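Here are the chains, one letter per residue:
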Amino acid sequence: MFVVVGATGNVGSTLSSLLAASGSAVTAVSRGRRPIALPDGIRHHRADLERPESLSPALTDAEALYLLVEGAGAHLDMREILRVAAACGVKRIVLQSSQAVVTRPESPSHAPLHAIEDLVRRSGLGWTILRPGGFASNAFAWTEPIRGSRMVSAPFGDVGLPVVDPADIAEVAAAALLDRSHDSRTYELTGPALRTPRERVADLAAALGEPIGFVDQTPDEAREQMLRFMPPPVVEGTLAILGTPTSSEQRISPDVAEVLGRPPRPFADWATRNIAAFR
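Residues numbered from 1 in each chain as written. Predicted model: local features only at pLDDT ≥ 70, side-chain atom pairs only at ≥ 80, totals over all residues. Heavy atoms only, no water.

Caption draft 1: Representation of the pattern of salt bridges within the structure. Using the criterion set out here, one finds 26 salt bridges in the structure. Across the pair R51 and E53 runs a salt bridge whose closest N-O atoms are separated by 3.9 Å. When its relative accessible area of 48% is taken as the criterion, E53 is described as partly exposed. Linked through salt bridges whose partners overlap, the residues forming this network are D165, D168, E171, R262, R265, D269 and R273. (Salt bridge = Lys/Arg side-chain N within 4 Å of Asp/Glu carboxyl O. Buried < 20%, exposed > 50% of the residue type's maximum accessible area, 1.4 Å probe, protein only.)

Printed below as a string of structure tokens:
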């Protein structure tokens, strides 16, 4: 049996379905109280990582755990989470971390994940660590302006990053959970090519079949907007990656292709699959 923490997210929801389709028993864990839609055969359990003991009913006799820690996890007792997992019989953990753990190790928005990675490696359990870069699904932030005015405002419109499709992350995670040959491996997950915000908007316009305008925001305008829903350290870290990416952050990783035996999906593929959200 596999347990997926963060089962309502862009990665976790797809991962739960992939594992169930493989014939595996799956328990999907989420914190919210609202009912969630799950494919037949997937058990749902409500738990909060801030209360590690609440995970026990889901983890008992589980073979492996997919662990997503929201908000970098600085406030969590990760040692206790890992102790509970081991006590319940969990043998392996697949941790969703971030590329920024190595590209921005001093960033206060990502440094806690470095400590979490170290704890997972030293837990005595089998482990696989996934370090995705920017998500293609971050484009959902453009949903309302595209719906309302067919216009997008974003900073650094001509700076490219190899954003990764969450479906690819989910497929790599499923492979790591189902096959122990991925134990003790760390995978950096990116898309197949650099794609600027302006180009991503063009991909959405092509999928929509209608033009979408693009306005290049100033960093200060973007900062003001992002501070409405993100803490200041995360805003500054995000703007740094978007505006002045390092060569490592613009590198096309071979890891998705290595694990899945095919190239990672381009942003245009994500846009086509999700275009209903922008109509």
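Caption draft 2: Quick peek at the packing of helix α1 (residues 12–21) against helix α7 (residues 166–178). Two numbers describe how α1 lies on α7: the axes approach to 9 Å, and their chain directions differ by 45°. The orientation of α1 with respect to α7, classified from their angle, is oblique. Note on packing geometry: the crossing formed by α1 with α7 is right-handed. Residues T14, L15, L18 and L19 of α1 touch α7, and the partners they reach there are A170, E171, A173, A174, L177 and L178. (Axes fitted to C-alpha atoms, helices over the stretch in contact; angles between N-to-C directions. Helix = DSSP H or I, 4+ residues; strand = E, 2+ residues; numbered from the N terminus. Parallel < 35°, antiparallel > 145°, perpendicular 65-115°, else oblique. Left-handed = near helix turned anticlockwise from the far one by under 90°. Contact = heavy atoms within 4.5 Å.)

Caption draft 3: Inspection of the side chain of T196 at higher detail. Within the secondary structure layout, T196 lies in the loop between β8 (185–189) and α8 (197–208). Sequence-distant contacts of T196, that is, excluding residues within four places in its chain, are made with G157, D158, V159 and G160.

Caption draft 4: Main features of the environment of R43. Note on placement: R43 falls in strand β3 (residues 42–46). Exposure remark for R43: the relative accessible area of 39% places this residue in the partly exposed category. In this structure the C-alpha to C-alpha distance between R43 and V29, which are 14 residues apart in sequence, comes to 8.6 Å. Among all residues touching R43, those that are not within four sequence positions of it are M1, V26, T27, A28, L38, P57 and A58.

Caption draft 5: A look at the side chain of E117. Positionally, E117 belongs in helix α5 (residues 111–121). Its relative accessible area of 1% is what places E117 among the buried residues. A distance of 2.6 Å separates a polar atom in the side chain of E117 from a polar atom in the side chain of S97. In this view, E117 contacts L95, S97, V101, I129 and R131; residues no more than four positions away in its chain are not counted. (Polar contact = N/O pair within 3.5 Å; in protein donor to acceptor, adjacent residues only side chain to side chain.)

Caption draft 6: Quick look at the packing of aromatic side chains. What the rule picks out here adds up to 4 aromatic pairs. Judged by centre distance (4.9 Å) and plane angle (65°), the rings of F140 and W270 are edge-to-face. Of this pair, F140 sits in the loop between β6 (126–132) and α6 (143–149) while W270 sits in helix α12 (residues 267–274), and the two are 130 residues apart along the sequence. Given the relative accessible area of 31%, F140 is considered partly exposed. Classification of W270 as buried rests on a relative accessible area of 3%. Seen in terms of ring centroids, W270 and F278 are 6.2 Å apart; in terms of plane orientation they differ by 75°. Their pairing is edge-to-face. Judged by relative accessible area, F278 falls into the buried class, the value being 0%. (Phe/Tyr/Trp six-rings, centres within 6.5 Å; stacked < 30°, edge-to-face > 60°.)

Caption draft 7: Quick look at the pairing of strand β2 (residues 26–30). For β2, a buried count of 5 out of 5 residues is recorded, marking the element as mostly surrounded by other parts of the structure. Residues V26, A28 and S30 point to one face of β2 and T27 and V29 to the other, with burial holding for every one of them. In this fold, strand β1 (residues 2–5) hands off to α1, which returns the chain to β2; that crossover is right-handed. Judged from the 5 bridges that link them, β2 and β3 form a sheet pairing that is parallel. Paired with V26 across the two strands is I42, which belongs to β3. (Right-handed = clockwise from strand over helix to strand, strands pointing away. Pairing = 2+ DSSP bridges.)

Caption draft 8: Main features of α1. Buried within α1 are the following residues: G12, L15, S16 and L19. In a view along the axis of α1, the buried residues occupy a sector of 100°, so they form one face of it. Check the buried side of α1 and you find it contacts β1, β2, β3, β4 (64–68) and α7. Immediately beyond the C-terminal end of α1, within one or two residues, lies G23, with a positive phi of roughly 95°. (Arc of directions from axis to C-beta.)

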